[in-house]
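Listed below are the residues making up each chain.
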Amino acid sequence: MRSGQIFFAHVHRIFPNQHAEIQLGTHKLIARLEAPLESGKGYFLQVESVEGEPQLKLIGSKQADQFSLMRQLSLPNEKGYRALTEFFTKESLSLTREQIQQAGQWVGKASDKKLALDAIKLMNTRDMPFTESIFKSLLVAGNKQPLTEIISTLHTTLALEKDPDPTGQRIVALIDELGKEPSQKGANAEPFAFQGKAAMANIKHAIHQMGLFYEHTIIRDGEATGTESLKALLIQYLGRPGANINPTSRQAAEQLLHRMNGQQLLSIDTGPVQQIFFDLPIELNGSRTELSFQWEGKRREDGKIDPGYCRVIFYLDMQNLNQTVVDVKIQNRITNITVINMNSPEIKAFATMFIPTLKEKLKEHDYELSAVHFKQPVSQKNKQLQKFSPRPYSGVDIQI
């Protein structure tokens, strides 16, 4: 709790000397109140002091409703503020007066109000800086528009400029090579093993081209070294002082940069659990596609990642197999793989011949293959497979 924060709370029990047990989301606490409240009702409360026991001030003089906070804070009766205050009463948010005013403006401008409210909640629960740049990054990252479509739009707008900018042209050239398979040796030996190695090499190459860990590289090395990345070029393109950038190109570049930043914000590195989430445009066996990747693992006592426990989820939309999810779970170095696809029976019949080779290759790296399962999506109403969304760590037990 911080002084000035406002939140919606339910009062469970009233104690003598103006003390009460209140519930904020999943948390219960005992606080001293400045006004008598009724047990079993909900109120908007503001933190007055956090020294010693929390001291809370009642916002308004009666039980909270959708419009009471708007009246007390003199918020305009606009759609964005109405949606925010209604959301406020249902979710465990805690925002200052200034943050509520700013968030209402952001939600009002957003075309997808639900996505905007979820972004506000994520910023609040993760304790992120309350800035418009972070809000927009989360908004773009949560949008279902394919990354390849965003990149294609940027490529088109930059390529059609009458007076091309040098940095913009370098972005166009990099996009032309983005995700293409790097040359490999040994293609004629062990086709199955080679394809697996080539795919992983392609993923690593695409990560480097995109610059997904650009900031980490700067922190580690002091400067970005090696071949320039798409993210570095975007920052350079948008950050030139006094630059006269085509508005359409600027919008496309900002959208792509927000998407990349949003994916970093969705990744979690807290407590014993670390999650990494990103999308990549890649080329597999000559076909262009988009890979969504989520990795979840835990740290050992020495702070290093434990290679014996992790979960990796690949989401692919391929030319022949269409939408496919590959869910890899590793526990105590025992590997369990699930392939989810609408045509899983046909895939199973074809893939069975490769399982012994897969088992052998995993064993070379001290991993044991337990089983490979083939399933169809659970929901038959929606034929599209939904991407796995990152979730924050909570509690003391973890499921890998």
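Residues numbered from 1 in each chain as written. Predicted model: local features only at pLDDT ≥ 70, side-chain atom pairs only at ≥ 80, totals over all residues. Heavy atoms only, no water.

Draft legend 1. Region of interest: the environment of Thr338. Position of Thr338 relative to the elements: it lies in strand E12 (residues 334–340). Among the residues examined, Thr338 registers a relative accessible area of 13% and is labelled buried. Separated by 35 residues in sequence, Thr338 and His373 have C-alpha atoms that sit 4.6 Å apart. Not counting the four nearest positions on each side in its chain, Thr338 is found in contact with Val325, Val326, Asp327, His373 and Lys375. (Helix = DSSP H or I, 4+ residues; strand = E, 2+ residues; numbered from the N terminus. Buried < 20%, exposed > 50% of the residue type's maximum accessible area, 1.4 Å probe, protein only. Contact = heavy atoms within 4.5 Å.)

Draft legend 2. Representation of the nonpolar core within the structure. Leu154, Ile171, Met210, Leu230, Leu234, Leu256 and Leu280 are the most contacted members of the largest nonpolar core, which totals 46 residues. Among all residues touching Met210, those that are not within four sequence positions of it are Leu147, Ile151, Leu178, Ser229, Leu230, Lys231, Met260, Leu280 and Pro281. Formed by 36 residues, the second largest nonpolar core is a distinct cluster that contains Ile100, Ala119, Phe135 and Leu138. (Core = buried A, V, L, I, M, F, W, Y, C linked by side-chain atoms within 4.5 Å.)

Draft legend 3. Spotlight on the side chain of Glu161. Note on placement: Glu161 falls in the loop between helix H6 (147–159) and helix H7 (166–177). When its relative accessible area of 14% is taken as the criterion, Glu161 is described as buried. Among residues more than four places away in sequence, those in contact with Glu161 are Tyr237, Asn246 and Ser249.

Draft legend 4. Local environment of unusual backbone geometry. Its identity as a non-glycine residue notwithstanding, Asn322 has a phi of 60°, on the positive side. Relative to the assigned elements, Asn322 resides in strand E11 (residues 322–331). With a phi angle near 55°, Asn332 is a residue other than glycine that sits in the positive phi range. Structurally, Asn332 is set in the loop between E11 and E12.

Draft legend 5. Structural view of the packing of helix H3 (residues 97–109) against helix H4 (residues 113–125). With their axes 8 Å apart at the nearest point, H3 and H4 run at an angle of 150° to one another. Overall, the two elements H3 and H4 adopt an arrangement that is roughly antiparallel. Along this stretch, H3 crosses H4, giving a crossing that reads as right-handed. The residues of H4 that touch H3, namely those facing Ala103, Trp106, Val107 and Gly108, are Lys113, Ala116, Leu117, Ile120 and Met123. A breakdown of the residues in the contact of H3 with H4 according to their chemical character gives 7 nonpolar, 1 polar and 1 charged. (Axes fitted to C-alpha atoms, helices over the stretch in contact; angles between N-to-C directions. Parallel < 35°, antiparallel > 145°, perpendicular 65-115°, else oblique. Left-handed = near helix turned anticlockwise from the far one by under 90°. Nonpolar A, V, L, I, M, F, W, Y, C, P; charged D, E, K, R; others polar.)

Draft legend 6. View of the packing of aromatic side chains. For the structure on display, the rule yields 7 aromatic pairs. On the basis of an interplanar angle of 20° and a centroid distance of 4.8 Å, the ring pair of Phe278 and Phe293 is categorised as stacked. With Phe278 in strand E8 (residues 273–284) and Phe293 in strand E9 (residues 287–299), this pair connects stretches of sequence that are 15 residues apart. Of the two residues, Phe278 and Phe293, both sit in the buried class. By the ring-pair criterion, three or more aromatic residues cluster together here, those being Phe8, Phe44 and Phe88. Directly above the ring of Tyr309 sits Lys298, whose terminal nitrogen or CZ lies 4.3 Å from the centroid. Taking the ring centre of Tyr367 as reference, the NZ or CZ of Arg333 above it sits at 4.0 Å. (Phe/Tyr/Trp six-rings, centres within 6.5 Å; stacked < 30°, edge-to-face > 60°. Lys NZ or Arg CZ within 6 Å of the ring centre and 35° of its normal.)

Draft legend 7. The arrangement of the pattern of salt bridges in detail. Under the definition given, this model contains 13 salt bridges. Here Glu228 ties to Arg170 by a salt bridge, and the two come within 2.6 Å at their closest N and O atoms. In this pair, Glu228 sits in the loop between helix H9 (214–221) and helix H10 (230–238) while Arg170 sits in helix H7, placing the two residues 58 residues apart along the sequence. Looking at Arg170, the relative accessible area reads 33%, which means it is partly exposed. Ionic pairing is found between Asp279 and Arg259, a salt bridge with its closest N-O pair at 2.8 Å. Taken together, the residues Asp279 in strand E8 and Arg259 in helix H11 (residues 247–266) connect sequence positions 20 residues apart. (Salt bridge = Lys/Arg side-chain N within 4 Å of Asp/Glu carboxyl O.)

Draft legend 8. Highlighting H6. Here H6 contains 13 residues, and its C-alpha end-to-end distance of 18 Å stays within 8% of the 18 Å for a straight helix at 1.5 Å per residue. Along H6, the positions that sit buried rather than exposed are Leu147, Ile150, Ile151, Leu154, Thr157 and Leu158. Summarising the axial view, the buried residues of H6 lie within an arc of 130°, below the 170-degree limit, and thus occupy one face. (Expected span 1.5 Å × (residues − 1). Arc of directions from axis to C-beta.)

Draft legend 9. View of the packing of H6 against H7. Put simply, H6 and H7 touch, their axes get as near as 9 Å, and they point 135° apart. The angle between H6 and H7 falls in the class oblique. Judged by the sense of rotation from one axis to the other, the crossing of H6 with H7 is left-handed. Taking contact as the criterion, the partners of Ile151, Leu154, His155, Leu158 and Ala159 in H6 are, on H7, Gly168, Gln169, Ile171, Val172, Ile175 and Asp176. Tallied by class, residues from the contact of H6 with H7 come to 7 nonpolar, 3 polar and 1 charged.

Draft legend 10. Up close: the pairing of strand E4 (residues 42–49). The buried fraction of E4 amounts to 7 of the 8 residues, a majority that puts the element mostly inside the structure. Summarising the sheet, E4 and strand E5 (residues 55–59) pair through 5 bridges and their orientation is antiparallel. In the sheet register, Val47 faces E5, and the bridge partner there is Leu56. (Pairing = 2+ DSSP bridges.)

Draft legend 11. Structural detail: the pairing of E8. A large share of E8 lies buried, amounting to 10 of its 12 residues. When E8 meets E9, the two strands line up antiparallel, connected through 12 bridges. For Gln275, the partnering residue across the bridge sits in E9 and is Glu296. The turn joining E8 and E9, which pair antiparallel and follow one another in sequence, is formed by 2 residues; a positive phi near 55° is taken by Asn285.

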